[in-house]
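Structural features, examined
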Amino acid sequence: MDRLTSPLPFLEAIESLKAVKNSRWALHSSPESERLYDKMYQMALVCLAHPDLSGEDEVNAVIMCMVHDVGHVASGEVTLVDDKKYSQIGLKHLASLLKESSPTLADRLPGALLEYKNRDTHVAKLVRQIEMFETLHQAVVRRQTGLGIPDGVDLDPMRGEITDSWLAKQANNICLEDWNPLDETSTTKTPIIFVIGGSEIGDQTQFRHIAEDFGIGYISMDKLLREEQSRPGSIFGRFIEEVTDNLANFPPSLAITLLKSKVKETESTGKGVLIRGFPQSVGQVVAFEREISNAYLTIYLEHPVETRMGRARIGGELSQQEGDNTREEETLRVFESASRALLDHLSTKFLQRVDATGSHDEVYAKVRGIVRTMRQR
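On a predicted model such as this, the values are computed, not experimentally measured, just so you know. Position numbers for residues count from 1 along each chain, tracking the sequence in the order it is written. For a predicted model such as this one, the threshold for reporting local features is a pLDDT of at least 70, and the threshold for listing and counting side-chain atom pairs is 80 or more; totals across whole chains, interfaces and linings nevertheless cover every residue. Calculation of side-chain values draws on the structure's entire complement of heavy atoms; hydrogens and water are dropped beforehand.

1. Overview of helix α1 (residues 8-15)
- Listed as buried for α1 are P9, F10, A13 and I14. The arc enclosing the buried residues of α1, seen along the axis, measures out at 140°, which places them on a common side. Think of it in three bands: with a 1.4 Å probe and only protein chains considered, a residue is buried below 20% of the maximum accessible area for its type, exposed above 50%, and partly exposed in between. Each helix corresponds to a stretch of at least 4 residues labelled H or I by DSSP, and each strand to a stretch of at least 2 residues labelled E; elements are numbered beginning at the N terminus. Read the arc as the range of directions from the helix axis to the C-beta atoms.

2. What about the sheet that holds strand β2 (residues 217-220)?
- Here five strands make up an open sheet; going across it, the order is β2-β3-β1-β4-β5 and the pairing parallel. Looking at the sheet topology across the chains shown, the edges are occupied by β2 and β5 (351-355). Strand-to-strand twist in this sheet, taken as the mean axis angle between neighbours without regard to direction, amounts to 20°.
- Note: two strands are recorded as paired if DSSP finds a minimum of 2 bridges between them. Strand direction decides the pairing type here: β2 and strand β3 (residues 273-276), joined by four bridges, are parallel. Following the sheet pairing, Y218 is matched in β3 by L274.
- Sheet contacts for helix α13 (residues 221-230): β2 and β3; angle to β2, the most-contacted strand, approximately 60°. Structural elements are reduced to axes, namely lines fitted to C-alpha atoms, with helices fitted over the stretch in contact, and the angle between N-to-C directions of any two is expressed from 0 to 180 degrees. Here, residues are in contact when the closest pair of their heavy atoms is within 4.5 Å.

3. A short note on the confidence of the model for the chain
- Per residue, pLDDT measures the predictor's confidence, with a range of 0 to 100. Confidence along the chain averages 75 in pLDDT terms, with 69% of residues attaining 70 or more.
- In the predicted structure, residues 25-29 sits below a pLDDT of 50 and forms 18 contacts with residues beyond four places in sequence or in another chain.

4. Structural notes on the packing of α13 against helix α14 (residues 237-245)
- For the pair α13 and α14, interaxial distance at closest approach is 7 Å and the crossing angle is 130°. Classified by the angle between their axes, α13 and α14 sit oblique to one another. Crossing handedness for the pair α13 and α14: left-handed. Contacts between α13 and α14 involve L225, E228 and Q229 from the former and G237, I240 and E241 from the latter.
- Each residue is assigned to one of three groups, with Ala, Val, Leu, Ile, Met, Phe, Trp, Tyr, Cys and Pro labelled nonpolar, Asp, Glu, Lys and Arg labelled charged, and all others, Gly among them, labelled polar. Here the contact of α13 with α14 is built from residues that sort into two nonpolar, two polar and two charged. When an angle is under 35 degrees it counts as roughly parallel; over 145 it counts as roughly antiparallel; between 65 and 115 it counts as roughly perpendicular; any other value is oblique. Take the far helix as the reference: if the near one is turned anticlockwise from it by less than a right angle, the crossing is left-handed, and if turned clockwise, right-handed.

5. Section: the environment of T357
- Among the structural elements, T357 can be located in the loop between β5 and α19 (360-375).
- For the pair T357 and E302, spaced 55 residues apart in sequence, the C-alpha separation works out to 7.7 Å.

6. Some points on the pairing of strand β1 (residues 192-196)
- Burial within β1 is extensive, with five of its five residues counted as buried.
- Burial along β1 is two-sided: the face carrying I192, F194 and I196 and the face carrying I193 and V195 are both buried.
- Relative to strand β4 (residues 297-302), β1 runs parallel, the two being bridged by four bridges. Within β4, the position partnered with I193 by the bridge is L297.

This is the structure we're talking about:
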């Protein structure tokens, strides 16, 4: 078969693991469970990130991540009645698929599985600890998404198996995580209001005044990003500059990292939080729902790109150079295009559109009235 001279059949076999859930979670009636494909991928990434793994040891570790659950390739089942038998069957199947396209890797698979099962080398022991670390990470993800930890899963023994100093430090960071998603009760008492829409001269001042009028906290996402960019020693400074220059949305993980402590600090007053300039994408709001709160209200400033451009030029905020004007137009049009899916998602909660084509005072009055109504909900 000519097809077997390529790695495609091997990749298709591994692809099948996308349909097989991690038994540690799936066996406890979990509606959303991690898939083995994802587990293998994340374990391999931890191997690549580990400071003490390099060269041949690193390659061996990644291969072990790929083959340690290889029995599921053969069985296609969540649980294995005979793990040893199915592991051998799955291993031989994968090796046969690689024999023509990558004979060297095919020959390495049996030794990698045996090394992992016996745990008689430093690398094999480390990969086992990485598996436990990945499970702890999944536990955090489940907690953040509200799924919780099934009664039959005991995390303490897993944490106890992690003796590698670097992994132990990361595991401690996970176990000491003190940020919990806010529940519906707390967010009702401290409402979170998003205000989104294209950039407009003067609106930062307007919304800060609105927050002050109602005694609620105010967070500007743009300001958070600028502060992080200019903070000495920031690992994100250069990255933020590049993303801004390329007119791109920021990764959800970065946005949430910057917002977490700020929202927690601001909402401690118990009067609410108004966040300007967030979210920019569905990914960002989904991350916010998972890690901060799934109870929020949204105000969307709706007006044509041409109107925004005219206001900015009249106000003198935009350079009169053609290149700068073109760049600002592109920024606004990118937002318009990306906002459709975002607005659909936000509308599943509470979304209030505001006609922002009037004067600044008119827009201010409309938004102020909406905030008053929102706080009474």
